[in-house]
Amino acid sequence: MTQYVSDKDLQVVKNGVTARFKAGIPRPLRESLIEAAIGMGVRPADGKAPELPKSDAKPSLEHIAEAIKTIKARGRKEDVTTTGEVRMKALEAEVGHDVTTEDRDAAAALIEG
């Protein structure tokens, strides 16, 4: 995974996902934050040109399923409805992209097998 670095302390936030940078300390970065971070002056630690994610790319059902597992493992009541479905806001923040309820339900079905 590519490491990214900033010349100053800063925080990158997009769709509820946050990454904090300490000046000069490399760290990995979620794909959903790369474009925003580059726009704030963050650069790859190895000096190579960054590969920006395709903004119109739809997340795969497997990616959504992994996000659902992560959210449920956290166990935060506010992230799950009373019926046990992951709230869309929490899911989209974890995935870093808009998710439809149909995709959420299909990913949940993948988990249930």
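Here's a quick rundown of the structure. (Residues numbered from 1 in each chain as written. Predicted model: local features only at pLDDT ≥ 70, side-chain atom pairs only at ≥ 80, totals over all residues. Heavy atoms only, no water.)

What the protein chain contains, in helices and strands, is four helices and five strands. Counted from the first residue to the last, the protein chain has its helices and strands arranged as β-β-β-β-α-β-α-α-α. Overall, the protein chain is about 45 × 25 × 20 Å in size when its C-alpha atoms are taken along their principal axes. Counting only residues that meet the buried cut, the protein chain has 31% of its 113 residues in that class. A separation of at least 24 residues holds for 46% of the contacts in the protein chain among residues at least 6 apart in sequence. Carbon and sulfur atoms make up 50% of the accessible area of the protein chain, which totals about 7,400 Å². When the 18 basic and 19 acidic side-chain charges of the protein chain are each reduced to a single mean position, those positions are 6 Å apart. (Helix = DSSP H or I, 4+ residues; strand = E, 2+ residues; numbered from the N terminus. Buried < 20%, exposed > 50% of the residue type's maximum accessible area, 1.4 Å probe, protein only. Contact = heavy atoms within 4.5 Å. Areas by Shrake-Rupley, 256 points an atom, 1.4 Å probe, with all protein chains shown as cover. Lys, Arg positive; Asp, Glu negative; His and termini not counted. Charge placed at Lys NZ, Arg CZ, Asp CG, Glu CD.)

The next point concerns the pattern of salt bridges. Pairs may arise between side chains of opposite charge once their charged atoms sit close together. Within the structure shown, the criterion is met by nine salt bridges. Ionic pairing is found between Arg 104 and Glu 85, a salt bridge with its closest N-O pair at 3.4 Å. Of the two residues, Arg 104 sits in helix H4 (residues 101–112) while Glu 85 sits in the loop between helix H2 (61–74) and helix H3 (88–95), which places them 19 residues apart along the sequence. We classify Arg 104 as buried; its relative accessible area is 10%. Via salt bridges that share partners, Arg 30, Arg 74 and Glu 94 belong to a single interconnected network. (Salt bridge = Lys/Arg side-chain N within 4 Å of Asp/Glu carboxyl O.)

Right, let's get into the pairing of strand E2 (residues 10–14). In this sheet, strand E3 (residues 17–21) lies alongside E2 in antiparallel orientation, the contact comprising five bridges. Bridged to Val 13 within E3 is Thr 18. The hairpin formed by E2 and E3 contains two residues between the paired strands, and Asn 15 there has a positive phi angle of roughly 55°. (Pairing = 2+ DSSP bridges.)

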